[in-house]
Structures are given as structure tokens and as C-alpha cells.
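Listed here are the chains, written in short residue letters.
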Amino acid sequence: MPERNVCQTQDWYSSMSNQETGTWDERVARIWADAPNTPDDELLRKIETIAAERADDDPAALYELGSVHDSVGSEHDAEPYYRRALAGNLDRRRRPQTIIQLASTLRNLGQLEESAALLTAMSDAGPDPVVGDAGTAFLALVLIDLG
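Source: prediction; values computed, not measured.

Analysis parameters
Residues numbered from 1 in each chain as written. Predicted model: local features only at pLDDT ≥ 70, side-chain atom pairs only at ≥ 80, totals over all residues. Heavy atoms only, no water. Helix = DSSP H or I, 4+ residues; strand = E, 2+ residues; numbered from the N terminus. Buried < 20%, exposed > 50% of the residue type's maximum accessible area, 1.4 Å probe, protein only. Contact = heavy atoms within 4.5 Å. Areas by Shrake-Rupley, 256 points an atom, 1.4 Å probe, with all protein chains shown as cover. Core = buried A, V, L, I, M, F, W, Y, C linked by side-chain atoms within 4.5 Å. pLDDT = per-residue confidence, 0-100. Expected span 1.5 Å × (residues − 1). Arc of directions from axis to C-beta.

Peer 1: Explain the overall build of the chain to me, please; I cannot follow it from the model alone.
Peer 2: When you go through the chain residue by residue, the secondary structure sums to eight helices and zero strands. In sequence order, the chain lays out its α and β elements as α-α-α-α-α-α-α-α. In the chain, buried positions account for 43% of the 147 residues. Contacts spanning at least 24 positions in sequence make up 54% of the contacts within the chain whose residues lie at least 6 apart. For the chain, the exposed surface amounts to about 7,600 Å²; the carbon and sulfur share of it is 48%.

This is how it looks when you write it as C-alpha cells:
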């Protein structure tokens, strides 16, 4: 099985496994914890199934749908989910990660200017308590791509 780009919040998800079992976030965390050993089609099905438990406009579910599409290499499908998640009231843990993942997706889709703009705004705000300087580090990669 090819190596998968599992979301950068894996540490956060791993820490979730120590919380109360059975919550939606806990079940999502277990899916992502097993993602490296899960075939793409099964991972996609699992995340789509758990996301369907929430409203169609639920920002956390939209983020997870974007993440899974990104993870299986479907960046075109991930982008609208990330945008819809950011348009909603996304929690403070997922919001910075969503910005970075959308910027990464845009970079992969060749939309470097928009990727840089998202990351510049994030970087200008200073280190994030959830992702630290990850946005700034990724911005450096995008700026290299821009030349």
C-alpha cells in the first residue's frame, strides 16, 4: 500500500483516544489512528459514514471529509469541504489545521497565490496554540514554489 499523507493533527487525534470512548470525536480519532493500515476506499467510506451522523453543514464533519479526500489523493474533492468548514463555526482546534490543509490542497492544485495568501494571514497572526508555526513553515514552501 502506498504511503498516505495522514493529516497533520494526528498527535491531536491520538490524544483524543484517552478521552471518553464513544464520542463522535473519539470515533473519528480511532479511524485516523488506523488510517495507515486502511485501504483508501475503506477509509473514505468510514469517514463518510461517521460524517453523515452530523448535519450536512457541520464544520467538523466537513473538515473530516476534506481531510479524507486529501488523504486518498482527491484534492479536487477536498477543496470544497475545507472551504465549507472554514465558512462555518469551526472549533479552534480544527480551524488552523483546516487553513493549512486547504493551503496544501491549493498548492497541489497549482493555486499558489491563494495558498500563500491564506498562510500569510495565518503567519501574520503569530504562532497558533494548536499548530504552532506550521503555517509559517508551510508558507516558506509555497513561496519557494512561487519563485
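Peer 1: Whenever I open this one, the environment of Glu48 confuses me. Can you help?
Peer 2: Within the secondary structure, Glu48 sits in helix H3 (residues 40-51). Glu48 sits in the partly exposed class, given a relative accessible area of 38%. Along the primary structure Glu48 and Ala61 are separated by 13 residues, whereas in three dimensions their C-alpha atoms are 8.7 Å apart. In this view, Glu48 contacts Leu65 and His69; residues no more than four positions away in its chain are not counted.

Peer 1: Help me understand the nonpolar core, please; the structure alone is not making it clear to me.
Peer 2: Grouped together as the largest cluster of nonpolar side chains are 20 residues, with contacts concentrated most on Leu119 and Val142. Looking at this core, the elements with two or more residues in it are helix H4 (59-71), helix H5 (75-87), helix H6 (94-108), helix H7 (112-124) and helix H8 (134-146). The greatest single-element share of this core, amounting to five residues, is contributed by H6. Once you skip the residues sitting within four places of it in the chain, Leu119 turns out to touch Ile100, Ala103, Gly135, Phe138, Leu139 and Val142. Listed in part, the 14 residues of the second largest apolar core include Trp24, Ala35, Ile50 and Val72.

Peer 1: Just to check I follow, could you spell out the confidence of the model for the chain for this structure?
Peer 2: For the chain, per-residue confidence averages 88 on the pLDDT scale, and residues scoring 70 or more make up 86% of the total. Between residues 5-20, whose pLDDT stays under 50, and residues either more than four places distant or in other chains, the model counts 29 contacts.

Peer 1: I'm lost on H8 in this one. Help?
Peer 2: Structural remark: α-helix, 3.6 residues per turn; residues separated by three or four positions point the same way. For H8, with 13 residues, the first-to-last C-alpha span of 19 Å sits near the 18 Å given by 1.5 Å per residue. Residues of H8 that are buried include every one of Gly135, Phe138, Leu139 and Val142, and no others. Take H8 and look down its axis: the buried residues cluster within an arc of 110°, on one side only. Among the structural elements, H6 and H7 are those in contact with the buried residues of H8. Phi turns positive one or two residues past the end of H8, at Gly147, with a value near 85°.

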